[in-house]
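Observations on the model geometry
Here are the chains, one letter per residue:
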Amino acid sequence: MNRRKFLGLGSAAMLQPTNRLSEAQAKPSAPIGPARRSGTQTRPNILMLMADQLRVDCVAAYGNKAIRTPHLDRIAREGIRFQNAYTSVPSCTPARTALMTGLSPWGHGMLGMINMATKPYPVEKASAMAKAGYYATTIGKNHYFPITNPHGYHHMITDEHCSYWFHNRKQGQPQSYEPRCDYESWFWSQMPDADPHATGLGWNDQPAKPFVYPEEMHATHWTGTTAVKFLEQYQREDPFFLKVSFIRPHSPYDPPQRLFDSYANKDLPEAQIGAWATKYAPRSSDRDDLWHGKLSPEEIHRSRAGYYANVTFLDEQIGKIIDVLEQRNMLDDTMIVFFSDHGDMLGDHNLWRKTYAYEQSAHIPMLLRPARVQQLGPAGQTFDQPVEIRDLLPTFLDAAGAETPSSIEGKSLLHLIKTKGQGWREWIDLEHNVCYGVTNHWNALTDGRWKYIFHAYNGEEQLFDRKEDPHELIDLASDSKYAAELQTWRQRMVDHLSIRGPLWVENGKLKIRQESQFTGPNFPGYVPEKEISGWI
């Protein structure tokens, strides 16, 4: 296959040396025609839509009236909304490893933020779907290491923003070009002497600023447009398994000017700060990528305006993807799943970024619009059972009519829907190894209402009742009225961690752990005596 033609880079219009795309050039090409298998499929196409760092309360379907996400709301309205979806290790690579493997943190061996494994797991998502007869393509962010590792995909079109990691971008010094992702290669094909990061914001920075180039040059637009082109041109007899993974709303908070302006003077939810979070009020550093610090209401509002605008921009691209499915009569032959890898604190509890047990970091949106052939009941259903990213691979295999290997720990969401939750898990496990500072090191459990957190550095515990306190403002761990509830959840944690050995549980009690452990014995290539340095 001609790679440039496949990526939509081969036309004269795309090769013009211009900094601005005309309206005609920005529009996707006309569909080739109706899908060959439309209306006759016995197995659905599968479209996996993924956002990076999108918190659950920034999808309007979950109740936030200040944000505009009409296309995600449509998926929820016409499909199924999971009210208590979580990410067990709320940072990028371990969350994506759960997606790839269908395993728990201990099962896949990533207990914190490190590079994803270079050696393969016994079962991986894309190769399993290919084996099931699907044509597997990924567009956007994977976070694989190295970025060219296909992990079973037939085709990869990537946006990893490699120059954040690999390029020496200090003023006056030459840039050393290491492996490029496809987005940056495309960007330089359009603007050869420009810096894709000229907006000036760092990868984890708190400030927000409008994108300095035409919005057609933005990574969010590129990912959406590339997905549209793929679907317009798809002619294979095999059903597709398509992963479209947007690199936003993860910082930098750099939306198009028009969308930033639409939120800049709008009332947005203020930061929620529990009394227990005063310890996080001092700034962790004077840098823009701080991990804790109480900022002014004006600073927090600006960050949120940029973040909300990035979410709306992503939603617009999802709308275009849904449009092309409708134009090709493929929408009702396609199961759509939308979710994010983790959330973003945005100043709640004086915290920024992710890796925390709290709702804004660990609670994610998860929506499923079934294909017609799946017959999953009425539109607009909601489920309160705790679900997690590990449940997506078994869901995809179930939809494909393929057997789920017994080694996979996740459960099919289709089974949850069909059985109305009978026999589903009661709670889900969460954790994160040391990140940012030695005290940010914890394990947690939640059933969607109660949340128990054990802080490994000093043994402190927290208990929240999300039914009465959805923002986790009141820590009940020291309230004698909740001593029995605290003991119930503490014992569940003991039972959960006991399999890991005496470094975790000793004599029936949770152990304080002041040392890092980024990987467990199930991580491919695990060497117990070799500590791996985490990064984020």
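No experiment lies behind these values; they were computed from the predicted model shown.

What counts and how
Residues numbered from 1 in each chain as written. Predicted model: local features only at pLDDT ≥ 70, side-chain atom pairs only at ≥ 80, totals over all residues. Heavy atoms only, no water. Salt bridge = Lys/Arg side-chain N within 4 Å of Asp/Glu carboxyl O. Helix = DSSP H or I, 4+ residues; strand = E, 2+ residues; numbered from the N terminus. Buried < 20%, exposed > 50% of the residue type's maximum accessible area, 1.4 Å probe, protein only. Contact = heavy atoms within 4.5 Å. Core = buried A, V, L, I, M, F, W, Y, C linked by side-chain atoms within 4.5 Å.

1. Examining the pattern of salt bridges
With the rule as written, the count across this model stands at 27 salt bridges. Arg-287 is the partner of Asp-289 in a salt bridge, and the nearest nitrogen-oxygen pair spans 2.7 Å. Glu-461 serves as the salt-bridge partner of Arg-490, at 2.7 Å between the closest nitrogen and oxygen. Of this pair, Arg-490 sits in helix H16 (residues 483-497) while Glu-461 sits in strand E15 (residues 461-465); the two residues are 29 residues apart in sequence, bridging distant segments of the chain. Overall, Arg-490 belongs to the partly exposed group, its relative accessible area being 26%. For Glu-461, a relative accessible area of 21% corresponds to the partly exposed category. What you see here is one network of salt bridges that share partners, running through Arg-74, Glu-78, Glu-326, Asp-332, Arg-369 and Arg-372.

2. Focus on the environment of His-151
With respect to the element layout, His-151 can be found in the loop between strand E4 (135-140) and strand E5 (155-158). Judged by its relative accessible area of 6%, His-151 falls in the buried class. For His-151, the contacting residues outside a window of four places in its chain are Met-100, Ala-117, Glu-124, Ala-126, Ser-127 and Tyr-144.

3. Section: the nonpolar core
Generally speaking, nonpolar side chains in soluble globular proteins are found buried as a group. The biggest cluster of nonpolar side chains holds 63 residues, and the ones touching the most others in it are Leu-47, Leu-49, Phe-187, Phe-240, Ile-318, Ile-321 and Phe-338. In terms of residues, this core owes the most to one element, helix H12 (residues 297-327), which gives 12 residues. When neighbours within four sequence positions are excluded, Phe-240 is seen to be in contact with Asn-45, Ile-46, Leu-47, Tyr-134, Tyr-135, Phe-230, Leu-231, Tyr-234, Leu-325, Met-330 and Thr-334.

4. Topic: unusual backbone geometry
Here Arg-248 and Pro-249 are connected by a cis peptide whose omega angle stands at 15 degrees. Position of Pro-249 relative to the elements: it lies in strand E6 (residues 240-249). That bond from Ser-251 to Pro-252 is cis: its omega, 15 degrees, falls within 30 degrees of zero. Backbone geometry at Glu-472 places phi at a positive 55 degrees, although glycine is not the residue there. With respect to the secondary-structure elements, Glu-472 resides in the loop between E15 and H16. The class of Glu-472 is buried, set by a relative accessible area of 0%. With a phi close to 55 degrees, Asn-507 is a non-glycine residue in the positive phi region. Looking at the secondary structure, you find Asn-507 in the loop between strand E16 (505-506) and strand E17 (509-510). Judged by relative accessible area, Asn-507 falls into the exposed class, the value being 75%.

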